[in-house]
Structure formats: C-alpha cells, structure tokens
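# Coordinates in review
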Amino acid sequence: MTSHHGGPTGGHWPHPVVRLPHEQELFARGRGVQDHIADAITAFAGSMVFVYVHMVWFAGWILINEGLFGQAAVFDPFPFGLLTMIVSLEAIFLSTFVMVSQNRQAARDTIRADLNFEASVRSEVWSTNLGRALGLDPEEIERQTQELIATSRIKMNDEMGRPQA
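The name that an unreviewed UniProt entry assigns to the chain is DUF1003 domain-containing protein, with the source organism given as Streptomyces sirii.

## Looking at helix α5 (residues 138-160)
Relative to the 33 Å expected for 23 residues at 1.5 Å per residue, α5 spans 32 Å between its end C-alpha atoms, a close match to the ideal helical length. A positive backbone phi angle near 75° is found at G161, which sits one or two residues after α5.

## Notes on the packing of aromatic side chains
Counted according to the given criterion, the structure contains five aromatic pairs. Taken together, a centroid distance of 5.5 Å and an interplanar angle of 85° make the contact between F44 and F50 edge-to-face. Residue F44 is classed as partly exposed on the basis of its relative accessible area of 39%. Among the residues examined, F50 registers a relative accessible area of 13% and is labelled buried. Ring centres of W57 and F58 lie 5.1 Å apart, and the angle between their planes is 25°; on these two criteria the pair is classed as stacked. Exposure remark for W57: the relative accessible area of 27% places this residue in the partly exposed category. Here the aromatic residues W57, F58, W61 and F75 are joined through ring pairs into a cluster of three or more.

## What to know about the side chain of N157
Residue placement: N157 occurs in helix α5. Among all residues touching N157, those that are not within four sequence positions of it are R162, P163 and Q164.

## Structural notes on the pattern of salt bridges
Tallying each qualifying case throughout the model produces five salt bridges. Between E147 and R143 there is a salt bridge; the shortest N-O distance is 2.2 Å. One end of the pair, E147, and the other, R143, are both in helix α5, four residues apart, so they sit about a helical turn from each other. Owing to a relative accessible area of 38%, R143 belongs among the partly exposed residues under this scheme. Several salt bridges share partner residues, and in doing so they unite D35, D39 and R104 into one network.

## A short note on helix α3 (residues 48-65)
Taking 1.5 Å per residue, 18 residues should reach 26 Å; α3 reaches 26 Å between its end C-alpha atoms and fits that length. Buried residues of α3: F50, H54, W61 and N65, and no others. Taken around the axis of α3, the buried residues stretch over an arc of 35°, which confines them to a single face. Of the exposed residues in α3, the ones pointing more than 90 degrees away from its buried face are M55 and V56. Where α3 is buried, its residues meet α2 (33-45) and α4 (81-133).

Procedures and definitions
- Residues numbered from 1 in each chain as written.
- Predicted model: local features only at pLDDT ≥ 70, side-chain atom pairs only at ≥ 80, totals over all residues.
- Heavy atoms only, no water.
- Helix = DSSP H or I, 4+ residues; strand = E, 2+ residues; numbered from the N terminus.
- Expected span 1.5 Å × (residues − 1).
- Phe/Tyr/Trp six-rings, centres within 6.5 Å; stacked < 30°, edge-to-face > 60°.
- Buried < 20%, exposed > 50% of the residue type's maximum accessible area, 1.4 Å probe, protein only.
- Contact = heavy atoms within 4.5 Å.
- Salt bridge = Lys/Arg side-chain N within 4 Å of Asp/Glu carboxyl O.
- Arc of directions from axis to C-beta.

This is how it looks when you write it as structure tokens:
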C-alpha cells in the first residue's frame, strides 16, 4: 500500500541515485561577465527603447547639423559623414553581439538536446526493464511503436503538404 507521501509504507521515497542536471544550471555555470554584458547589450538593442533613443538621436543630430541652432553648433554638415561612420561602427558591433548571443543560444540548445537524449535513453532502459519484469515482449512493443511512429509521420507529412518518403 502506498501513502500520500509516495513511499510504500508511508515513508518518503529515497532521493534518486542519478539526477539529471537542469539545462539552465549547466548553462549558467559557463557564463562569464562578458556573456552577461553581451546579453544585456543584445537585449537592449532588440528593444523598442533602442529604436526610440535612435530616433531622437538621429533627429537631434540632423537638426543640429542643418543649422537649427545656428551655424556655430554645426559639427557634422550634410551628408553627415561622422554620423554615417558612427552608425556603421555601431552596426558592426551590434551584429557581433547578436552573433555571440546566437552562438551561446546554439550551445544552450546543444546542452538541452544532450540532456533530453540522456533522459530518453534512461526512460527507454527503465521502460524495457519494467516491461520485461511484467512479462511483456520487447520486440512486439517495438514493432507496435515503429508502426505508430510511421503512421504519425505520414499524418504529419500530409498535414504539412510534404511528399511521402
């Protein structure tokens, strides 16, 4: 008889012998100060605040350099060569920060895929052993599983309009 606490006689189950690490824990261990800075810059560059700041900055730059506040205030006359250079450099750095973040996301996805694979293998081993302990035929279960997977793939391909393989 099992109790509400999950143990066979009212006690608690022991902690698992093997615990898969959480993907976020593994990923967080590998992040340094530079990664945090790159993420903060990328997050800001991908926000509407970034767009609004640039709109105000460009408008102010152009108005000042078109002489709105007098010719003495003009420091980058049309065609705004300094502004062009600054924006080009900003684009280079922002694209680099985005690529750094994408590379880190790819590494995170790899960690997640590895952990999912380990969990799947662990589940398969446990399921096979439990099935054998219950007297089930693993080959018959695998045959049924393959049929179900094939049927599912056919249905998915039909729904997506892909040709059958």
